[in-house]
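# Observations on chain architecture
Listed below are the residues making up each chain.
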Amino acid sequence: YNQSDYTVLASISEGFGLPIIEDFVYGLPNLTFSDLDAVIDLYDEKSMLTIEERTDDALAEGMKEMLKRKWDNKYIKQYAQKFSLEKMGLKYIEIYSKIINE
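Let me begin by describing the structure that accompanies this report. Sequence order as written defines residue numbering, which begins from 1 separately in each chain. Since the coordinates come from a predicted model, pLDDT governs what is reported: local features require at least 70, and pairs of side-chain atoms require 80 or more to be given and counted, while whole-chain, interface and lining totals use all residues. To obtain the side-chain values, all non-hydrogen atoms of the structure were used and water was disregarded.

With that settled, consider a negative patch on the surface. A contiguous patch of negative charge, built from Glu52, Glu53, Asp56 and Asp57, is present on the exposed surface. The helix and strand labels rest on DSSP assignments: H or I over at least four residues marks a helix, E over at least two residues marks a strand, and numbering proceeds from the N terminus. Positionally, Asp57 belongs in helix H3 (residues 56-68). For patch detection, residues must exceed 30% relative accessible area and be free of salt bridges, and they are connected within 9 Å for like charges or within 5 Å for nonpolar side chains (Val, Leu, Ile, Met, Phe, Trp, Tyr). Only the protein chains shown count as cover for residues, with accessible areas throughout obtained via the Shrake-Rupley method and a probe of 1.4 Å. Throughout this description, the term salt bridge denotes a Lys or Arg side-chain nitrogen within 4 Å of a carboxyl oxygen of Asp or Glu. Here Asp and Glu are counted as negative and Lys and Arg as positive; His is not counted, and neither are the chain ends. The location of each charge is read from NZ of Lys, CZ of Arg, CG of Asp or CD of Glu.

In structure tokens form, the structure reads like this:
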């Protein structure tokens, strides 16, 4: 991570996106495909770049764009805090409370 400028998750399927959160913890932006389930929960325009097409050319163009952009690594590290165990635990409690009180 210390030698990286950004990361790429070129996965066919990624349910939760833990590798992306790990990238964010180190202040690294991530490039991935927009149709991954994890993107819905993790996407932030200042932390990620998504690719619409699943082609080699589109992936290569996404990598070029990652290199062109100026990324704010401090912002990305702060954004990663949104996914801390404590905050996720509180969200689960909130959801369970709503379900119980319905």
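Additional details are given in the paragraphs that follow.
A few words on the environment of Lys74. Counting through the fold element by element, Lys74 comes out in helix H4 (residues 73-80). Taking relative accessible area as the criterion, Lys74 reaches 68% and is therefore assigned exposed. Taking the C-alpha atoms as reference points, Lys74 and Lys87, separated by 13 residues in sequence, lie 19 Å from one another. Three labels apply to residues, based on accessible area from a 1.4 Å probe with only protein chains included: buried if under 20% of the type maximum, exposed if over 50%, partly exposed otherwise in between.

This brings us to the sheet that holds strand E2 (residues 30-33). If you trace the 3 strands from one edge of the open sheet to the other, you get E1-E2-E3, paired in parallel fashion. With one partner strand each, in any of the chains shown, strand E1 (7-9) and strand E3 (48-51) form the two edges of the open sheet. Pairwise comparison of adjacent strand axes, ignoring direction, gives a mean angle of 20° for this sheet. Of the strand pairs in this sheet, E1 and E2 are connected by 3 bridges, and their pairing is parallel. Bridged to Leu9 within E2 is Thr32. Lying on the sheet, helix H1 (residues 18-25) is in contact with E1, E2 and E3; it crosses E2 at an angle near 160°. Criterion used throughout: strands pair if DSSP finds at least two bridges between them. The axes used here are C-alpha line fits, helices contributing only the stretch in contact, and every angle between their N-to-C directions lies in the interval 0 to 180 degrees. Every residue pair with non-hydrogen atoms within 4.5 Å of one another is taken to be in contact.

Here E2 pairs with E3 via 4 bridges, running parallel. Paired with Leu31 across the bridge in E3 is Leu49. This β-α-β element, E2 to helix H2 (residues 37-42) to E3, shows right-handed connectivity. With the strands aimed away from the viewer, a crossover counts as right-handed if its path from the first strand over the helix to the second runs clockwise.

By convention, a stacked pair of Phe, Tyr or Trp rings (six-membered ring in the case of Trp) has centres within 6.5 Å and planes under 30 degrees apart, an edge-to-face pair has planes over 60 apart, and any other such pair is tilted. Within the structure shown, the criterion is met by 5 aromatic pairs. When the centroid spacing of 5.5 Å and the interplanar angle of 65° are considered together, the rings of Phe24 and Tyr79 count as edge-to-face. Highlighted residues: Phe24 in helix H1 and Tyr79 in helix H4, separated in sequence by 55 residues. Neither residue differs from the other here; Phe24 and Tyr79 are each classed as buried. Centre to centre, the rings of Tyr79 and Phe83 are 5.5 Å apart; their planes meet at 80°, and the pair counts as edge-to-face. On the basis of relative accessibility, which here comes to 11%, the residue Tyr79 falls in the buried class. Take Phe83: its relative accessible area is 12%, and that puts it in the buried class. A network of ring pairs unites the aromatic residues Phe24, Tyr75, Tyr79 and Phe83 as a single cluster. Should the NZ of a Lys or the CZ of an Arg lie within 6 Å of a ring centre and within 35 degrees of the ring normal, that charge is described as sitting over the ring. Here the guanidinium or amino end of Lys46 rests over the ring plane of Tyr75, the centre of that ring lying 5.1 Å away.

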